[in-house]
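# Observations on chain architecture
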Amino acid sequence: MARSRRLPLIGFVAAALVTAGCFLPVVVPPITESGTPTPQPSGTPQPGAATAWRDCRDVPTQLVGRAAPGMTYECTTIKVPKDWAKPGGVTLDLALLRIRSRGQHDRIGSLVLNPGGPGASGIDTAVYLSFGPGFGGLPHEVTDRFDIVGFDPRGVGRSSPVRCIPDDVLDKVFGYEPDPRTQAEFDGFVTLTRSVAEGCAAKYGDDLRLYSTEQAAHDMDAIRTAVGDAKTTYLGFSYGTLLGATYAQLFPDKVRALVLDGAVDPKASAVAASEGQAKGFEQAFNNFAAWCRTAGSDCPIAPDARAAVNDVMAKARAAPVRGGDGREATAGWVFNAIVSALYTESAWKDLASAIHDLGNGQPDGVFHLADQYAQRDDQGHYSNLFDAFYTVGCADDPSTISPERIRALQSDWRRKYPLFGPNLAVTLLQCAEWKTPRDPYPTGAAKGAPPIVVVGTTGDPATPYAQTAKLATMLGVGHVLTWEGEGHTAYPNTKCITDAVDAYLIDLRVPPEGQRCPAR
């Protein structure tokens, strides 16, 4: 199977939304959006009530060409209130996928997954993870004891998807100058972000607030009802840690076990979170550059990767190379390719090759990395990932930041974090232009919940390691597990992390306080 790694969300709306963050990186086949059937039952007696499950091996077949050996796949759709404050009103469809091992024994219950984003498909991720440890998937010890349940959160993928950003507008956003220095360039980005916000507001109006994380956390409890579990066992990555933390605050007595990997700090302001991510990506790039100096032929841009990147970025600004599909490899596309590759150490070689090839007039590698990040297909069509990311993130974010302050941060962060800081400042404009009502998530303790495992990676660029302890402390029942590795999220990257998480999920054995796992 081909490799595709799932990525961060900076470079579009990241800065304002970094409390949401990014995706779980897993070794998977390419994502397609080829019309996966979504079952549409006639309704349910109550939100989340169990419905008929149907065989849907067509889902893995459409995504990766086949089902995983020894696994069965079933789908259903449940109805949930569009507004949980008015449960008798309009409903949304929530799509679920249940995967079972034919060798399942001593079943514990369901393991519910969220890969992050917000906007990433839990159904797609469940399929990828069902292929087992040989492909970066879940260990057999877990799939033998749990049903694996993936769901697309409200507004995402197969679950009443939000769509309000045209493909051509997304092309402009991704290709836009990542560090608009002149006032005209800056004003152009303001205009672009305003057009996105106005387009979504024109289509959905004040209902945009109903795609918030708190509403989605209520949906999670409806999923618990639908799968027949007395309590929830959950594995959330990146933004999924925020969703899981919100669920734990709202439903502490319904928690069996929660693993939150790639922790978000819910209490961080948009500015503080954005600066933390700028620092994290700058550190990750420095680590990539250090690897490059000793990687031999694997890094054709050695010995100075930063100088090579600065050189191709300058050339992209002056005379961008045109690709086979007619797109120009502007500084924006180059920047997003870099971000894409920094999500996982295994993509560093691809990044080095892409930068080298672009310097020789070949932009294919840059577009490949950037398109993986953007979920853009060969025909120039996007999934609804960024529609949902923008909608959920801005519904969650109560802050208002003036363009003048953003302009000042851009200059300040350019000095501190020269490659990533300016972009993470100016993209604060995205939610600053969002004019519809907000619905912030809670930021308190999960009183009455059992121990929750919060996993952090010391070299994580998208959800920096410092956030791990902050999330654990906020919850009051969090226990930190550390991986001294590179990239975004840790489970199941090494035996040490895998063994610790599996013991918790299966036997509720909490890792020893302060446990740290080596990179290799």
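Residues numbered from 1 in each chain as written. Predicted model: local features only at pLDDT ≥ 70, side-chain atom pairs only at ≥ 80, totals over all residues. Heavy atoms only, no water.

Okay, the overall build of the chain next. Along its length, the chain carries 19 helices and ten strands. Overall, the C-alpha framework of the chain stretches about 60 × 50 × 45 Å when taken along its three principal axes. Of all 520 residues assigned to the chain, the portion counted as buried reaches 61%. Taking as baseline every contact in the chain between residues at least 6 positions apart, the subset at least 24 positions apart corresponds to 78%. For the chain, the exposed surface amounts to about 18,100 Å²; the carbon and sulfur share of it is 52%. Computing the positive centroid from 49 side-chain charges and the negative centroid from 57, the chain places the two 2 Å apart. (Helix = DSSP H or I, 4+ residues; strand = E, 2+ residues; numbered from the N terminus. Buried < 20%, exposed > 50% of the residue type's maximum accessible area, 1.4 Å probe, protein only. Contact = heavy atoms within 4.5 Å. Areas by Shrake-Rupley, 256 points an atom, 1.4 Å probe, with all protein chains shown as cover. Lys, Arg positive; Asp, Glu negative; His and termini not counted. Charge placed at Lys NZ, Arg CZ, Asp CG, Glu CD.)

All right, on to unusual backbone geometry then. The omega torsion across Gly117 and Pro118 is -5°, close enough to zero to call that bond cis. Looking at the element boundaries, Pro118 is found in the loop between β4 (109–114) and α3 (122–129). The peptide bond linking Ala302 to Pro303 adopts the cis configuration, its omega dihedral lying at 5°. In this structure, Pro303 sits in the loop between α9 (270–294) and α10 (305–318). Even without glycine at this site, Ser160 takes up a positive phi of about 45°. Inspection of the secondary structure puts Ser160 in the loop between β5 (146–151) and α5 (167–175).

Turning our eyes to something else, we now look at the sheet that holds strand β9 (residues 478–486). In space, the ten strands of this open sheet follow the order β1-β2-β3-β5-β4-β6-β7-β8-β9-β10, with mixed pairing throughout. The open sheet is flanked by β1 (54–55) and β10 (516–517), the only strands paired with a single partner. Here strand β3 (residues 91–101) pairs with β5 via four bridges, running antiparallel. Pairing of Arg98 across the sheet is with Val149, part of β5. (Pairing = 2+ DSSP bridges.)

Bringing the packing of α9 against helix α12 (residues 348–359) into the picture now. At their nearest, the axes of α9 and α12 sit 11 Å apart, and the two run at 80° to each other. In this view, α9 runs roughly perpendicular relative to α12, as classed from their interaxial angle. Of α12, the residues touching α9 (which contributes Ala284, Asn287, Phe288 and Trp291) are Trp348, Lys349, Leu351 and Ala352. (Axes fitted to C-alpha atoms, helices over the stretch in contact; angles between N-to-C directions. Parallel < 35°, antiparallel > 145°, perpendicular 65-115°, else oblique.)

By themselves these figures say nothing about function.
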